[in-house]
Amino acid sequence: MSYEFESRVTPFDFWRLSMSRTYRSTAGICNLVFTVSMFLLTAKFWDGAGDVTQLLLFVGCVLFPVLQPIGVFVRAKAQAAQVPRDMRLLFDEEGLHVTVKDMHEDIRWKNLTDVVRQAHLVIVFSDTRHGYMLPERVLGNRCGEFFAFAKGKIEQGK
């Protein structure tokens, strides 16, 4: 059995991944608590506050719900720009075969560390921090089937 995909990762894919990881962590909970607190403080003290204090309250209110996602998207655009546009990924019984233009790399299943399925993509990790992202729009209706195949092969290789 083999699966071949063209990696078409967009800045939006990186943004969604980053935002979902942030808001599933302790930092995300702190962001939410801070934002709710800022809204409550702003509602209570807005009328009696001076211009500088109102500006600080406003910035505090928009920091995590507006400014952070914009900053994350800017970083996501830079990450997506580093991904080669014509990368082909072939998964077969031997492992992962990556082809970019005239360059080719083979990674055996035992050298892949994990495969993770999230709501909108599957990531095949080549080490603890790096991997190959496959959005659901690339995987199509074979997403579950591919995930089960890759998960089984990686577990066999360990």
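Residues numbered from 1 in each chain as written. Predicted model: local features only at pLDDT ≥ 70, side-chain atom pairs only at ≥ 80, totals over all residues. Heavy atoms only, no water.

Focus: the pattern of salt bridges
Scanning the model with the defined rule gives seven salt bridges in all. For Arg88, the salt bridge goes to Glu4, with nearest N and O atoms at 3.2 Å. Residue Arg88 is found in strand 2 (residues 87-91), and its partner Glu4 is found in strand 1 (residues 3-6); the two are separated by 84 residues along the sequence. For Arg88, a relative accessible area of 32% corresponds to the partly exposed category. Taking the relative accessible area as the measure of exposure, Glu4 reaches 44% and is therefore partly exposed. Between Glu94 and Arg108 there is a salt bridge, and its shortest N-O distance comes to 3.4 Å. In this pair, Glu94 is assigned in the loop between strand 2 and strand 3 (95-100) and Arg108 in strand 4 (residues 103-108), connecting sequence segments 14 residues apart. The exposure class assigned to Arg108 is partly exposed, which follows from its relative accessible area of 45%. Look at the salt bridges and you will find they share partners, linking Glu4, Glu6 and Arg88 into a network. (Salt bridge = Lys/Arg side-chain N within 4 Å of Asp/Glu carboxyl O. Helix = DSSP H or I, 4+ residues; strand = E, 2+ residues; numbered from the N terminus. Buried < 20%, exposed > 50% of the residue type's maximum accessible area, 1.4 Å probe, protein only.)

Focus: a nonpolar patch on the surface
Together, Phe34, Trp46, Leu55, Phe58, Val59, Leu63, Val66, Leu67, Ile70 and Val74 make up an exposed nonpolar region whose accessible area comes to about 860 Å². Of all the elements, helix 3 (residues 51-82) adds the most residues to the nonpolar patch, at eight residues. Mapped onto the elements, Val66 comes out in helix 3. A residue is classified by how much of its surface remains accessible, and Val66, at 39% relative accessible area, is partly exposed. (Patch = residues over 30% accessible without salt bridge, like charges linked within 9 Å, V, L, I, M, F, W, Y side chains within 5 Å. Areas by Shrake-Rupley, 256 points an atom, 1.4 Å probe, with all protein chains shown as cover.)

Some thoughts on the nonpolar core
One finds Phe5, Leu89, Phe91, Leu96, Leu134 and Phe146 to be the most contacted residues of the largest nonpolar core, which totals 34 residues. Tallying contributions element by element places helix 5 (residues 143-157) first for this core, with six residues. Apart from residues no more than four positions distant in its own chain, Leu96 is found in contact with Leu89, Leu90, Phe91, Glu105, Asp106, Ile107, Leu112 and Tyr132. (Core = buried A, V, L, I, M, F, W, Y, C linked by side-chain atoms within 4.5 Å. Contact = heavy atoms within 4.5 Å.)

Observations regarding the sheet that holds strand 5 (residues 114-117)
Read from one edge of the open sheet, three strands run 5-6-7, paired in antiparallel fashion. In the strand order of this sheet, the two ends are held by strand 5 and strand 7 (131-135), each with one partner. The mean inter-strand angle of the sheet, taken between neighbouring strand axes irrespective of direction, is 15 degrees. Bridge count for strand 6 (residues 121-125) against strand 7 is five bridges, and the pairing is antiparallel. Following the sheet pairing, Val122 is matched in strand 7 by Leu134. Lying on the sheet, helix 5 is in contact with strand 5, strand 6 and strand 7; it crosses strand 5 at an angle near 155 degrees. (Pairing = 2+ DSSP bridges. Axes fitted to C-alpha atoms, helices over the stretch in contact; angles between N-to-C directions.)

A closer look at the packing of aromatic side chains
The description of an aromatic ring pair rests on the distance of the ring centres and on the angle between the ring planes. If you walk through the whole model with that rule in mind, you get ten aromatic pairs. Between Phe12 and Trp15 the ring centres are 5.6 Å apart and the planes differ by 20 degrees, which places this aromatic pair in the stacked class. One end of the pair is Phe12 and the other is Trp15, both in helix 1 (residues 11-23) and three residues apart, which spans about a single turn. You can call Phe12 partly exposed: its relative accessible area is 43%. Ring plane angle 80 degrees and centroid distance 5.8 Å describe the contact between Trp109 and Phe149, whose orientation is recorded as edge-to-face. (Phe/Tyr/Trp six-rings, centres within 6.5 Å; stacked < 30°, edge-to-face > 60°.)

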